[in-house]
Amino acid sequence: MAVSSVSAIGIASPANRARLLWALWILAAIIGGLGFLERLLHGDQATDFSSYIPWGLWVAAYIYFSGLSAGAFLLAATIYVFRIRVLEPIFRLSLLLAAVTLPMGLLLIGFDLGHLERAFLVIIRPQFHSMMAWMVWLYTAYLILVVVMLWSSYNSDRPGRDPEAVTKDRARLRVLAMIGIPLSIGFAGGVGALFATLAAREFWHSSLFPIFFLVGALTSGTALVTAVVAWQWPSRDAAWKDLVTLLGRTVLVLILIDLILELAEFMTPSWYQIGSFYELTRYVLFGPYWYVFWVVHLLLGVIVPIVLLAKNRSPVVTGVAAALVAITFFAVRLNLVIPGLVTPELRGLEQAYRDPIGNRLTFAYFPAWFEWQVLLGAIAFGVALWYVLIRLFPQVLPSPAQSSEVGQ
Amino acid sequence: MDRRSFLKVSGLIGGTLGAADLLTIGDALANPNADRTASLPVLDRVKAEPGEDVLIRMQRELVRAMNKPLEKRRWGMIIDTRKCVACHSCTVGCIMENKLPPGVVYRPVIDQEIGSYPNVSRRFLPRPCMQCDNPPCVPVCPVKATWKRPDGVVVIDYNVCIGCRYCITACPYQARTFDFGQNWDHNAAHGNDGGLALETCRKYAQEPSFEYGTTWSRSEGVIPKSPVGNARKCTFCVHRLEHRQLPMCVTTCLGRATLFGDLNDPATLVSQQAVRNNAVSLKPELGTEPKTRYLL
């Protein structure tokens, strides 16, 4: 239906394209809004995750979005702290993307909680043994930092601001970015540690996991920034082309590093085809959801982007490749969360006592429509947030005349 | 054992496990602290003698342990797998006692089939909470909603748990489950007895649970009433212990395969069984130090 409406409206004219995008957004917002309502009224009942697979699509989406955020932020902070001139025009864009993607993840993880109304307890009575408490504290601090940085950056650009004050603003921004680098590394790696610290789960219990999460965050976040720059950047001059090419190269290197880590993560514990980790690797590669790994991740998220990025210098193609990486990275996140939960910790538990009513005592999981619906809602929310924020902070996407001044 | 003492013993089993249970629970409802007596007078009428039913012995040991301060007790459970016939009475008894909804189970019995046809045999493994001395589920909780009591029982504060399910993923025995807020009347039975089944399930859904000595009337909603939206687990029936009652699964085990008592008291049945050569714990390599052990 979507395809036919595209051809019927005709996407050639920008006005029609805008109308189509609006229509799609409204549709997503309605479907997602209904999902939010269902979640608020009846909790997690309509989900397919269970007592034995307690984390599902939303947790995977949460680590995906928080990874995008940490990656985009690290890019922004690195640009500012190390004064990488060529990338300075995209500093604010990266920062804004970080500010948009984290709330999307937080919304989903909030809905995942059995008692959303008690979430504040993590702040008022935290247990700092718990990796989850650390994570909540770190991303709260991180979110505050991102907002403060956005505000300072906006402030320094107000017309008529005293040049001395601007210099001070920039110095402050640099300090904030410096604080932000360890914070976002801790936060992105900490999400991996949340899983990796569990001795009970062999699939997660690996010291490579936090590093893998961190590199994954950088890869997906940088890819997202690249795609947005390729697609939304107002000027289409030579500087923009160079910028996109450089970002594309960065994404290419990051994909390759991520691939090496992935090889190490999967191959080391399962090489001799013995042990329970081997069974889990088999599940990822040849289980019922084999296509998530082979088609979505490896083909669309690794091979195609590598070919496109290595061979081509057109900004549009680079943008497509980066968008592929950014979107299909969700498959990587899914394949990190779900396989850790699919095998019974005690053999035969899956048969021991079943739940024909709620189907909550099973080791089979496929996200229910309701879960996809809420995910769609979170995406619509993120798009709306982006739409509002780029109007609040217009310098994020500098018009051609401004672009030479930005970030200097 | 002569006829008279046999009758006494059987009467006692019936009395303590049946009527007395119901009566004391009834009393407890009216006044939760009313029944914390130092002894069960009915026990004084039964002399300890060799060969007596282990339930009587464990009942006596329970009263003795409950007269000690909380921190001096250390509850343990021994499950004799040779006596288990997988009747699932413990599972069902536990569900009844704690009014467990669909999707929540504290003590399933794992039925393992070994070998391939025609050389097949089965073995059974009831799986309550291991009540680990070094519980992996406790340090992961971001809000200190779960902890190990001084008597070794790992408990959950339903009023604090935020329902993140981190503890569920951390337990190597999968002894924690999540209350999604469902009830048995959801998609209840069809057919001739469908109406009756529906009515029974609805009544059951209204029944409160007395876990941790509190009356819990659960319900879903915008702000769900706990334990809906919480992680839940076996508590060794600490609410029953307060009333000098053995955990429900112990009393319903028809093969007397589940033994319960104070591991700090060397004279108890569990202490004697726990040190036997054939007493093992599950996944000892993880260092969780379970206080639920199995006799092979």
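Basis of the calculations
Residues numbered from 1 in each chain as written. Chains lettered and ligands numbered in written order. Predicted model: local features only at pLDDT ≥ 70, side-chain atom pairs only at ≥ 80, totals over all residues. Heavy atoms only, no water. Helix = DSSP H or I, 4+ residues; strand = E, 2+ residues; numbered from the N terminus. Buried < 20%, exposed > 50% of the residue type's maximum accessible area, 1.4 Å probe, protein only. Contact = heavy atoms within 4.5 Å. Areas by Shrake-Rupley, 256 points an atom, 1.4 Å probe, with all protein chains shown as cover. Pairing = 2+ DSSP bridges. Patch = residues over 30% accessible without salt bridge, like charges linked within 9 Å, V, L, I, M, F, W, Y side chains within 5 Å. Salt bridge = Lys/Arg side-chain N within 4 Å of Asp/Glu carboxyl O. Disulfide = S-S within 2.5 Å. Axes fitted to C-alpha atoms, helices over the stretch in contact; angles between N-to-C directions. Left-handed = near helix turned anticlockwise from the far one by under 90°. Nonpolar A, V, L, I, M, F, W, Y, C, P; charged D, E, K, R; others polar. Polar contact = N/O pair within 3.5 Å; in protein donor to acceptor, adjacent residues only side chain to side chain.

Q: Please provide a residue-by-residue account of the overall build of chain B, values included.
A: Looking only at helices and strands, chain B has 9 helices and 10 strands in total. Classification of the 296 residues of chain B by burial places 57% in the buried group. A sequence separation of at least 24 residues applies to 65% of the contacts in chain B between residues at least 6 apart. When the accessible surface of chain B is totalled, it reaches about 12,900 Å², and 56% of it is carbon and sulfur.

Q: Explain the sheet that holds strand β8 (residues 258-262) of chain B to me, using residue names and the numbers behind them.
A: All names here are of chain B. Taken together, the 4 strands give an open sheet; going across it, the order is β8-β1-β10-β9, and neighbouring strands pair in mixed fashion. Edge positions in the open sheet fall to β8 and β9 (279-280), since each of these has one partner strand only. Judged from the 5 bridges that link them, strand β1 (residues 75-80) and β8 form a sheet pairing that is antiparallel. Directly across from I78, in β8, lies its bridge partner L259.

Q: Account for a nonpolar patch on the surface, naming residues and giving values.
A: All names here are of chain A. A cluster of nonpolar residues, F286, W290, Y291, W294, V295, L299, L300, I303, V307, F366, W369 and W372, forms a patch on the protein surface that exposes about 1,200 Å² of accessible area. For the nonpolar patch, the element with the most residues is helix α11 (residues 290-311), which contributes 8 residues. Position of W290 among the secondary structure elements: in helix α11. For W290, a relative accessible area of 42% translates into the label partly exposed.

Q: Tell me what's going on with the state of the cysteines, and back it up with residues and numbers.
A: Residues and elements named next belong to chain B. In total, this model carries 0 disulfides over all chains according to the counting rule given. C141 supplies the cysteine sulfur nearest to C164, a cysteine that is in no disulfide, at a spacing of 6.3 Å. The cysteine C234 is free of any disulfide, with C129 supplying the nearest cysteine sulfur at 5.4 Å. Judged by relative accessible area, which is 10%, C234 ranks as buried.

Q: I'd like to hear about the packing of helix α4 (residues 91-112) of chain A against helix α8 (residues 208-232) of chain A, residue by residue, with values.
A: All names here are of chain A. Contact geometry of α4 with α8 gives a least axis separation of 10 Å together with a crossing angle of 120 degrees. The interaxial crossing formed by α4 with α8 has right-handed handedness. On the side of α4, the interface is formed by L93, S94, L97 and T101, while α8 contributes L224, V225, V228 and V229. Its residues assigned to classes, the contact of α4 with α8 shows 6 nonpolar, 2 polar and no charged.

Q: Account for the interface of chain B and chain A, with residues named and values stated.
A: With 58 residues of chain B in contact, the opposing surface of chain A contributes 51 residues. Counting across the interface, chain B meets chain A through 3 salt bridges. The partner of A:E345 in a salt bridge is B:K283, and the shortest N-O contact between them spans 3.0 Å. Applying the counting criterion to the chain B and chain A interface returns 33 residue pairs in polar contact (both at pLDDT 80 or more). Counting residues per element, the ones that place at least two in the side of chain B that touches chain A are α4 (89-98), β2 (109-114), α5 (166-170) and β6 (176-178) of chain B. The residue inventory of the side of chain B that touches chain A, partitioned by class, reads 33 nonpolar, 18 polar and 7 charged.

Q: Describe the pairing of strand β10 (residues 292-295) of chain B, listing the residues and the values that go with them.
A: Relative to β10(B), β1(B) is paired through 4 bridges, and the arrangement is parallel. Across the sheet, B:M77 pairs through a bridge with B:T292, a residue of β10(B).

Q: Which residues make up the side chain of A:D112, and what values do they have?
A: Its location among the elements puts A:D112 in helix α4. What A:D112 contacts, discounting residues up to four positions off in sequence, is A:D44, A:F49, A:W55, A:W58, A:V59, B:G163 and B:R165.

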